[in-house]
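Analysis of the macromolecular model
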Amino acid sequence: MNILVDENITFAKAAFSNLGKVCLIHGRKIDRRALKNIDVLIIRSITDVNENLLKDTRVKFVGTATIGFDHVDINYLKERKIAFANAAGCNSDAVTEYVFTALLSLSTHNNFSLKGKNIGIIGAGNIGSRVASIAKSLGMNVLQNDPPLERKTKRKDFVGLNDVLNSDIISLHIPLNLSGVDKTFHLINENNLKLIKPGSVLINTSRGPVVDNSALLNRLKKADSLISILDVWENEPKINSGLLSKIKIGTAHIAGYSFEGKVNGTVMIYNQLCNFLNEEPKWKPILPNLDECEIKVDGNQRFEAALNTAIKNVYNINYDDSLLRSGAALPPEKFPDYFDKLRKEYRYRREFSNYKINLEPFNEELASAFKQLRFEI
């Protein structure tokens, strides 16, 4: 069996080589010619899988080591009886940690408290529900909007989109749907951007096109504007450089790029491929231990500052922001390769659960918050 795998998928060779011959290739270079004699295709979100790619190939299984799958034509796969798998929830903790890393950095830098703030969460799935849980533990008021989940569960705690957009903080955790009753393409657009209060925070870690980037840029040019944090962009890797210059924090679609998140994605696709092949899963990843995992925190610090102090020791989001902005000096035609390089060569980042907090003096409120963020106390 011949298996073609995106070269940026963690442990790709180790995981899939016991099932067949593995060929590694850059995700943007996967074309029909590369799929000659390929039986299994394992990708990430940068590879569009559709009839143009798969026609006249012998591919019988497609797996994407990502939560979202808007880059895959599911209907075409069904027509061709090609099996499909995605890695739902693989990097949910990583993206959640990114959101609160950004918010705590912002609150510390601007000297405001998250307690009592209204956070509007659009999408209440694997990530959105985690963000909601931690936000509540930090003393925030949570508003959630998720029409398809509301219809499915009949829950009464969901609110309308306009109510969410009136929040102090708005965080997006939705798939990209180009059409239909739950269309999310340009869900945030020129019309409803006007509903967001000046000084509010808009965070997008879902899919770039759920926010109209041109409309957002126009809003950010106004003096009474909002604060924007973007990890995802329209037309990646050819992002809007003008928008990058106006936002508070910008990163290269790496919110979910923790080591654990990447490994989880590989494990999920490997297990589903084994199930498809009626093979017993034999590969299990071994994650290296961290040598220095204890972080000392002054319990007398302001609540958000103490949390931010610890998190900066684990993940410095401002460094990722500076890396992306460094590319702005490049000729426009070279920026897309730079964007992809930032993702391909992304540094080793472990999740909060690997670290222990040494809190002196002990502070019960801080200890509880650290535990909610999955730190050990």
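Residues numbered from 1 in each chain as written. Predicted model: local features only at pLDDT ≥ 70, side-chain atom pairs only at ≥ 80, totals over all residues. Heavy atoms only, no water.

Things to note about the layout of surface pockets
It is the rolling of a water-molecule-sized probe over the atoms that shows where space remains empty. Stated precisely, the cut-off is as follows: In this analysis, the protein atoms alone were mapped onto a 1 Å grid. Cavities are point sets where a 1.4 Å probe fits without being able to get out; pockets are open sets with protein on both sides within 12 Å along at least five of seven lines; lining residues have an atom within 4 Å of a point. Grid points are joined across faces, edges and corners, and a volume is the space filled by probe spheres set on the points. Labels follow the DSSP assignment, with helices taken as runs of H or I lasting at least four residues and strands as runs of E lasting at least two, numbered in each case from the N terminus. Just so you know the grouping, Ala, Val, Leu, Ile, Met, Phe, Trp, Tyr, Cys and Pro go in nonpolar, Asp, Glu, Lys and Arg go in charged, and all remaining residues, Gly too, go in polar.
Within this model, the second largest pocket holds a volume of roughly 170 Å³. Taken together, Ser105, Leu106, Thr108, His109, Lys248, Ile249, Asn308, Lys312 and Asn318 form the lining of the second largest pocket. Elements with a minimum of two residues in the lining of the second largest pocket: α4 (92-110) and α12 (303-314). The element that contributes the greatest number of residues to the lining of the second largest pocket is α4, accounting for 4 residues. Looking at the lining of the second largest pocket residue by residue, the class counts come to 2 nonpolar, 5 polar and 2 charged.

Observations concerning the environment of Val72
This is how the line gets drawn: Exposure categories follow from relative accessible area, calculated using a 1.4 Å probe and restricted to protein chains: below 20% of the type maximum is buried, above 50% is exposed, and the middle band is partly exposed. Any two residues whose heavy atoms approach within 4.5 Å at even a single point are treated as in contact.
Along the polypeptide, Val72 turns up in the loop between β4 (61-64) and α3 (74-79). Classification of Val72 by relative accessible area gives buried; the value is 7%. Here the alpha-carbon distance between Val72 and Leu114, two residues 42 residues apart in the chain, equals 38 Å. Sequence-distant contacts of Val72, that is, excluding residues within four places in its chain, are made with Ile43, Val49, Leu77 and Phe84.

Some points on the sheet that holds strand β3 (residues 40-43)
Note the threshold: Two strands make a pair as long as DSSP finds a minimum of two bridges between them. Think of each axis as a best-fit line through the C-alpha atoms, taken over the contacting stretch in the case of a helix, with angles from 0 to 180 degrees between the N-to-C directions.
Strand order in the open sheet formed by 5 strands is β2-β1-β3-β4-β5, with parallel pairing between adjacent strands. At either end of the open sheet lies a strand with only one pairing partner, and these are β2 (21-25) and β5 (83-86). Here the strands of the sheet are splayed against their neighbours by 15 degrees on average, with no regard to which way each runs. Here strand β1 (residues 2-6) runs beside β3; their pairing, made up of 3 bridges, is parallel. Paired with Leu4 across the bridge in β3 is Leu41. Here helix α11 (residues 259-277) sits on the sheet in contact with β3, β4 and β5, set at roughly 165 degrees to β4.

Points about the packing of helix α13 (residues 317-326) against helix α14 (residues 335-344)
Helix-helix packing is characterised by the crossing angle of the two axes and by the distance between the axes. For clarity, the cut-off: Oblique is the label for every angle not falling under 35 degrees (roughly parallel), over 145 degrees (roughly antiparallel), or within 65 to 115 degrees (roughly perpendicular). Helix crossings fall into two classes, left-handed where the near helix is turned counterclockwise from the far one by less than a right angle and right-handed where it is turned clockwise.
Where α13 contacts α14, the axes come no closer than 10 Å and their chain directions differ by 155 degrees. Overall, the two elements α13 and α14 adopt an arrangement that is roughly antiparallel. For α13 against α14, the interelement crossing comes out right-handed. Residue-level contacts link Leu323, Leu324 and Ser326 of α13 to Phe335, Tyr338, Phe339 and Leu342 of α14.

Digging into unusual backbone geometry
Where the residue is not glycine, phi is negative for most of them; where a peptide bond is considered, it is trans in most cases. Looking along the chain, the bond that leaves Glu236 and enters Pro237 is cis, with omega of 5 degrees. With respect to the element layout, Pro237 can be found in the loop between β10 (227-230) and α10 (241-246). With an omega dihedral of -10 degrees, the bond running from Glu360 to Pro361 counts as a cis peptide bond. With respect to the helices and strands, the residue Pro361 is situated in the loop between β13 (356-360) and α15 (364-372). Its identity as a non-glycine residue notwithstanding, Lys81 has a phi of 60 degrees, on the positive side. The residue Asn235 is not glycine, and still its phi comes out positive at about 60 degrees. Position of Asn235 among the secondary structure elements: in the loop between β10 and α10.

Some thoughts on the sheet that holds β10
Sheets are built from strands paired through backbone hydrogen bonds, the pairs being either parallel or antiparallel. A sheet is described by the order of its strands in space; here 6 strands give the open sequence β7-β6-β8-β9-β10-β11, paired in parallel fashion. With partners counted over all chains shown, the strands left at the sheet margins are β7 (141-145) and β11 (249-250), one partner each. Packed on one face of the sheet, α4 meets β6 (118-122), β8 (169-172), β9 (201-204), β10 and β11 and runs near 145 degrees to β10.

Topic: the side chain of Ser167
Locating Ser167 in the fold gives a position in the loop between α7 (161-165) and β8. Owing to a relative accessible area of 1%, Ser167 belongs among the buried residues under this scheme. When neighbours within four sequence positions are excluded, Ser167 is seen to be in contact with Asn118, Ile119, Gly120, Leu143, Lys197 and Ser200.

Here's the deal with the packing of α4 against helix α5 (residues 126-137)
One can describe the packing of α4 onto α5 by two numbers: an axis separation of 9 Å at closest approach and a directional angle of 45 degrees. In this view, α4 runs oblique relative to α5, as classed from their interaxial angle. As for how α4 packs across α5, the hand of that crossing is right-handed. Between α4 and α5, the contacting residues are Ser92, Asp93, Val95, Thr96, Val99 and Phe100 on the first element and Asn126, Ile127, Arg130, Val131, Ile134 and Ala135 on the second. Counted by class, the contact of α4 with α5 contains 7 nonpolar, 3 polar and 2 charged residues.

Quick look at the pattern of salt bridges
Side chains that differ in sign of charge can pair as their charged atoms come close. As a reminder of what qualifies: Each salt bridge in this description consists of a side-chain nitrogen of Lys or Arg and a carboxyl oxygen of Asp or Glu lying within 4 Å of one another.
Under the defined criterion, the tally for this structure stands at 17 salt bridges. Put simply, Arg374 and Glu351 hold a salt bridge, and the shortest N to O gap is 2.8 Å. Taken as a pair, Arg374 in the segment after α15 and Glu351 in the loop between α14 and β13 lie far apart in primary sequence, 23 residues in all. On the accessibility criterion, Glu351 (4% relative accessible area) is buried. Through salt bridges with shared partners, a single ionic network connects Asp93, Glu97, Arg130, Glu351 and Arg374.

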